[in-house]
Amino acid sequence: MHRLLNRKFFTWPVIGVAIAMFLSLIFVACFRYPETGFQIGQSSFLPATFRIGAVLSLIVLLFGLRERRAKLSRRGIILFITLGLLCQLVFLLTFSRSVYSDTGYVMTMVGRLLDGQHHWYQYFYFYPNNVNVTLFWAMCLAPFKWLGVTKFFFLVRLLQLLFLDLALFYFGTSFNKVKQNAGWLVVILSLFYLPLLTYIVFPYNDLIAVATIFAVLGSFIRLSLAKTRKGQTGQLVVMMLLMAAGIVVRQNSVIILIALLLTLLFVSKISRKMKALAVVLGLSLTLLGTVGMKSVQHQVGYVSQPSLVTPSIRYVNMSWNPQTSGEINGPDSGMYGDLPKDERAKKITAEFKQRLKTLGVKGIAKHLLKKETFQFALAYSNQDMAKMQVTGLVKHEWQVPSLLGYLGNLFQPVYILMVVAALYVNWLLLRKKKVLSELMTAIVLFADLSILGVFTFHVFLWEVRDRYALPAVPFLLMLAVIAWLAFKEQKSANQPRKQVVLPGLATVSLLCLLLGFGNGFRQFTATETKIGNVYASGFDFYTEDGRQEATVQPGHHYQTSSFKLKDTATNFAFTLGDVTEAEAKDLSLTLTNLATNQVYSIQPKVGLNSLDETFAKGNYRLDLVNEGKQAIKTTFLQQLGTTNLQGPVVKDNGQKVTGLNFVYDFGTVKKADRVSPLAYASLFVLFVFTLAISCVFIKIKRK
């Protein structure tokens with residue numbers, strides 16, 4: 001099955017375009033982020049000199065390992081996998097993230113379904129792609145609900161980790177059949193690649209899609225190695241079932257299906273009947289999964305309303321806003337939102353055409369680069385990890401942004417090296433170097449087509465976000481290992497040249513690291529305001545037009561159960577929403593520290609309420625009384641229709657009310673170094689040490 005057909009007319013163009021794409025990705029990952037200043041989003045990023053120096057130090061390390069002919073023994077594999085699993089466990093127990101926006105809607109609706117509440121939020125009629133995500137998690141969590149579990153955020157993190165690891169080990173055992181220990185190398189690299197692991201705290205569908213991609217890759221390899229038609233058919237069915245499941249959960253995974261089918265069609269030693277079966281199974285199982293989930297949706301009360309669905313052109317138009325980098329934009333999101341769907345689509349289409357005319361050829365090229373930068377420039381997520389909390393690894397929550405910035409800088413060179421490795425593999429294939437088996441070549445082709453699909457869809461058409469690049473990560477991890485295996489087998493024919501190149505790389509690496517350290521020290525150790533999330537009880541249901549708001553009845557006393565602040569907070573904030581000044585004056589709010597009995601009396605006001613005080617860590621309680629004669633509807637108090645996901649239980653005149661939830665936040669604000677001098681220096685010391693060890697490896701081997 002391994003001989004590629006039409007190499008001249010199919011494989012070479014794909015590899016050529018992939019090389020151009022990887023070169024572009026290396027450029028943006030090294031030089032384009034941040035575009036202005038040193039601070040974007042929630043993290044700080046070191047300059048290009050650091051990234052280049054760090055990547056070169058890792059490349060020199062690979063030369064050193066090759067010189068020593070380093071091999072992983074069975075004990076080494078077990079040791080690294082064990083350490084990787086322990087790191088995952090530490091992350092699972094220490095990192096968490098409050099839900100809001102999309103994840104808030106999904107998790108709240110999951111809770112409602114588990115409680116038998118089938119009234120869907122309007123949000124899901126605007127964005128029906130998230131209905132299957134909700135149903136997936138409702139199915140996964142139903143057994144735990146039967147066991148009496150109501151707080152399931154930890155379970156969601158654990159289940160995502162289990163799905164990922166099971167898929168990883170399935171892929172690893174499959175890839176080992178192609179090259180001894182190759183699969184374990186991918187597993188080890190994936191276990192330690194924190195930018196991938198981070199998404200277990202994001203209760204959505206991205207990591208599930210990644211897990212299905214790893215599983216599909218494993219089945220693709222097993223299909224390729226099957227020696228009988230029966231074996232091929234069995235693996236083909238398994239692979240397409242996994243692919244269909246991935247598409248049901250994450251619709252954009254259809255890009256991977258297209259890449260998979262193209263790869264199968266252009267690989268020989270598989271009969272035309274088997275190719276036809278692959279196409280039929282891929283399309284029919286995907287269709288069956290989609291129709292099946294529609295049936296499940298109807299059973300739980302969701303019936304799509306096409307007139308409310310957000311037009312696809314809205315995402316396209318938003319991605320071509322000249323004032324942005326193609327990301328989600330508030331005004332664009334609601335553009336012509338008061339018009340019927342068809343009329344809205346026409347208006348947005350006209351706006352999109354006008355934007356392209358305004359940009360012109362030069363502007364379009366610049367905008368494409370901005371979009372690519374926004375989605376693909378960073379290893380670590382900088383756009384979806386707000387309200388992250390870390391227990392144990394940092395002393396205070398205001399230190400979390402610095403920790404995330406540190407991890408982002410630490411893994412950025414690894415990400416760049418992975419892209420360089422992908423470029424290297426494709427370059428070898430383009431030069432017709434016979435260092436890869438024909439099966440490995442097919443795997444590289446599948447990876448190239450998949451990454452190209454993700455890249456093309458978002459950069460040229462859809463909105464961008466760094467999270468949307470996640471489906472490319474499994475392929476980059478695999479290509480990195482394939483590149484290492486090919487690199488080890490490559491032998492330099494020009495020994496004198498190698499003796500010049502390696503010292504040159506080491507020298508440039510050291511100079512870049514020193515230059516980066518000097519250039520960035522002042523900026524990265526300067527004082528700035530740090531903001532940390534101490535406690536978040538809920539979020540704003542921004543699409544519901546107040547339907548989730550609860551009514552505060554006159555003379556009623558609403559009291560929360562005890563809730564715990566795990567760190568000292570310096571700000572307490574909430575909003576009343578659309579209430580009058582007279583209604584606000586009728587409300588009496590107190591916050592009580594249950595350990596010291598200190599009472600904070602707060603007179604709510606219209607709009608945002610923010611109290612700047614020092615709230616020591618410990619247990620607290622909120623009490624709200626309507627002292628007026630009229631009922632007051634406020635966003636401060638919600639009716640979720642399910643057991644509270646984040647906030648404490650609320651009692652109305654002493655009676656517990658399921659789903660009643662106060663919405664408020666405790667934060668901490670602190671002026672401190674952007675990055676501590678010690679942490680800043682440690683990043684550079686780490687890669688200088690790597691460089692030194694690499695040079696020692698090479699020198700010892702030559703002696």
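Up top is the structure.
Basis of the calculations
Residues numbered from 1 in each chain as written. Predicted model: local features only at pLDDT ≥ 70, side-chain atom pairs only at ≥ 80, totals over all residues. Heavy atoms only, no water. Helix = DSSP H or I, 4+ residues; strand = E, 2+ residues; numbered from the N terminus. Polar contact = N/O pair within 3.5 Å; in protein donor to acceptor, adjacent residues only side chain to side chain. Expected span 1.5 Å × (residues − 1). Buried < 20%, exposed > 50% of the residue type's maximum accessible area, 1.4 Å probe, protein only. Axes fitted to C-alpha atoms, helices over the stretch in contact; angles between N-to-C directions. Parallel < 35°, antiparallel > 145°, perpendicular 65-115°, else oblique. Contact = heavy atoms within 4.5 Å. Core = buried A, V, L, I, M, F, W, Y, C linked by side-chain atoms within 4.5 Å. Pairing = 2+ DSSP bridges. Phe/Tyr/Trp six-rings, centres within 6.5 Å; stacked < 30°, edge-to-face > 60°. Lys NZ or Arg CZ within 6 Å of the ring centre and 35° of its normal. Salt bridge = Lys/Arg side-chain N within 4 Å of Asp/Glu carboxyl O. 1 Å grid on protein atoms, 1.4 Å probe; cavity = no way out; pocket = protein on both sides within 12 Å on 5 of 7 lines; lining within 4 Å. Points joined across faces, edges and corners; volume = space filled by probe spheres on them. Nonpolar A, V, L, I, M, F, W, Y, C, P; charged D, E, K, R; others polar.

Novice: Just give me the short version of the environment of aspartate 665, but keep the residues and values in it.
Specialist: Tracing the chain through its elements places aspartate 665 in strand S18 (residues 665–673). Sequence separation between aspartate 665 and threonine 349 is 316 residues; the distance between their C-alpha atoms is 40 Å. Of the polar contacts made by the side chain of aspartate 665, one reaches the side chain of lysine 387; its length is 3.4 Å.

Novice: Give me the lowdown on helix H11 (residues 229–249), citing residues and values where you can.
Specialist: In an α-helix there are 3.6 residues to a turn, and that puts residues three or four apart on one side. Between its terminal C-alpha atoms H11 stretches 30 Å, which fits the 30 Å expected from 21 residues at 1.5 Å a residue. Regarding H11, the residues found buried are Gln232, Leu236, Met239, Met240, Met243, Ala244, Gly246, Ile247, Val248 and Val249.

Novice: Please give an account of the packing of helix H12 (residues 254–265) against helix H13 (residues 272–299) that cites residues and values.
Specialist: Between H12 and H13, whose axes approach to 9 Å, the crossing angle comes to 170 degrees. Judged by the angle between their axes, H12 and H13 are roughly antiparallel. Along the contact surface, H12 presents Leu257, Leu261, Leu264 and Leu265, while H13 presents Lys275, Ala278, Val279, Gly282 and Thr286.

Novice: Talk me through the nonpolar core; I want residue IDs and the actual numbers.
Specialist: Within the largest apolar cluster, 187 residues are counted, with the highest numbers of intra-cluster contacts made by Phe22 and Met240. Take this core: its biggest share by element is 16 residues, from helix H17 (residues 400–430). Contacts of methionine 240, omitting those with residues within four sequence positions, involve Leu257, Leu260, Leu261, Leu264, Ala278, Leu281, Gly282 and Leu285. Counting 30 residues, the second largest nonpolar core, distinct from the first, contains Val579, Leu587, Tyr620 and Leu622.

Novice: Please provide a residue-by-residue account of unusual backbone geometry, values included.
Specialist: Positioned with a positive phi, serine 101 is a non-glycine residue whose angle comes to about 50 degrees. Relative to the helices and strands, serine 101 is located in helix H4 (residues 101–114). For serine 101, a relative accessible area of 27% puts it in the partly exposed group. With a phi close to 50 degrees, aspartate 545 is a non-glycine residue in the positive phi region. Structurally, the position occupied by aspartate 545 is in the loop between strand S5 (527–536) and strand S6 (549–552). You can call aspartate 545 exposed: its relative accessible area is 65%.

Novice: Tell me about the pairing of strand S7 (residues 557–560), residues and numbers included.
Specialist: Burial of S7 is one-sided: the residues Tyr558 and Thr560 facing one way are buried, the residues His557 and Gln559 facing the other way are not. As paired strands, S7 and strand S15 (residues 650–652) are joined by three bridges and run antiparallel to one another. When the sheet's bridge partners are listed, tyrosine 558 is paired in S15 with aspartate 652.

Novice: How would you explain the packing of aromatic side chains if you had to name every residue and give the values?
Specialist: Scanning all chains against the criterion turns up 51 aromatic pairs. Pairing tyrosine 105 with tyrosine 542 gives two aromatic rings, centres 5.5 Å apart and planes at 85 degrees, and the pair type is edge-to-face. In this pair, tyrosine 105 is assigned in helix H4 and tyrosine 542 in the loop between S5 and S6, connecting sequence segments 437 residues apart. The interplanar angle of 40 degrees and the centroid separation of 5.9 Å between the aromatic rings of phenylalanine 563 and phenylalanine 666 together place this pair among those described as tilted. In this pair, phenylalanine 563 sits in strand S8 (residues 563–565) while phenylalanine 666 sits in strand S18, placing the two residues 103 residues apart along the sequence. Looking at phenylalanine 666, the relative accessible area reads 1%, which means it is buried. Grouped by ring-pair contacts, the aromatic residues Tyr105, Trp120, Tyr121, Tyr123, Phe124, Tyr125, Phe126, Tyr127, Tyr302, Phe539, Phe541 and Tyr542 constitute a single cluster. The positively charged end of arginine 112 is found above the aromatic ring belonging to tyrosine 121, 4.4 Å away from the centroid.

Novice: I'd like a rundown of the sheet that holds strand S9 (residues 571–575), residues and numbers included.
Specialist: Either a parallel or an antiparallel arrangement is found when strands of a sheet pair, and the pairing is made through backbone hydrogen bonds. Strand order in the open sheet made by the four strands is S5-S18-S9-S12, with antiparallel pairing throughout. Each end of this open sheet is capped by a strand with a single partner; those strands are S5 and strand S12 (608–611). Pairs of neighbouring strands in the sheet enclose a mean axial angle of 25 degrees, with direction left out of account. Pairing of S9 with S12 involves four bridges; the strand directions are antiparallel. When the sheet's bridge partners are listed, phenylalanine 572 is paired in S12 with leucine 611.

Novice: Run through the pattern of salt bridges, naming residues and quoting values.
Specialist: Across all of its chains, the model carries 10 salt bridges by this definition. For arginine 467, the salt bridge is made with aspartate 206, and the minimal N-O distance between the two is 3.0 Å. Of the two residues, arginine 467 is situated in the loop between helix H18 (438–460) and helix H19 (473–489) and aspartate 206 in helix H10 (residues 206–225); the sequence distance between them amounts to 261 residues. Arginine 467 gets classed as buried once you look at its relative accessible area, which sits at 4%. Through salt bridges with shared partners, one network takes in Asp206, Arg250, Asp384, Arg465 and Arg467.

Novice: Describe the environment of glycine 246, naming the residues involved and giving the relevant values.
Specialist: As for its position among the elements, glycine 246 is in helix H11. Linking glycine 246 and asparagine 205, residues 41 residues apart in sequence, is a C-alpha distance of 9.3 Å. Contacts of glycine 246, omitting those with residues within four sequence positions, involve Thr212 and Ser253.

Novice: Can you tell me about the side chain of threonine 263, naming the residues and giving the values?
Specialist: Considering the arrangement of structural elements, one finds threonine 263 in helix H12. Given a relative accessible area of 0%, threonine 263 falls into the buried group. Those residues in contact with threonine 263 that sit more than four places away from it in its chain are Phe220, Ala442, Leu445, Phe446 and Leu449.

Novice: Any chance you could break down the pairing of S9 for me, citing the residues and the numbers?
Specialist: Every other side chain in a regular strand lies on the same face of the sheet, so the side chains alternate between the two faces. Most of S9 sits out of view: four of its five residues are buried. Of the pairings in the sheet, the one linking S9 to S18 comprises three bridges and is antiparallel in character. By the bridge assignment, phenylalanine 572 is partnered in S18 with phenylalanine 666.

Novice: Report on empty space enclosed by the protein, specifying residues and quantitative values.
Specialist: Over the atoms rolls a probe the size of a water molecule, and in doing so it shows where empty space is left. In the structure shown here, the tally under the stated rule is six cavities of 30 Å³ or more. Reported here for the largest cavity is a volume of approximately 200 Å³. If you go around the largest cavity, you meet 19 residues; those closest to its centre are Leu378, Ala379, Asp466, Ala469 and Val473. Breaking the lining of the largest cavity down by element, the ones donating at least two residues are helix H16 (341–376) and H19. Considered class by class, the residues forming the lining of the largest cavity number 15 nonpolar, two polar and two charged. Its volume calculated, the second largest cavity comes out at about 80 Å³. Along the walls of the second largest cavity sit Arg250, Asn252, Ser253, Ile255, Ile256, Val454, His458, Tyr468 and Pro471, which together make up its complete lining. Taken together, the elements giving at least two residues each to the lining of the second largest cavity come down to H12 and H18. Here the lining of the second largest cavity is composed, by residue class, of five nonpolar, three polar and one charged.

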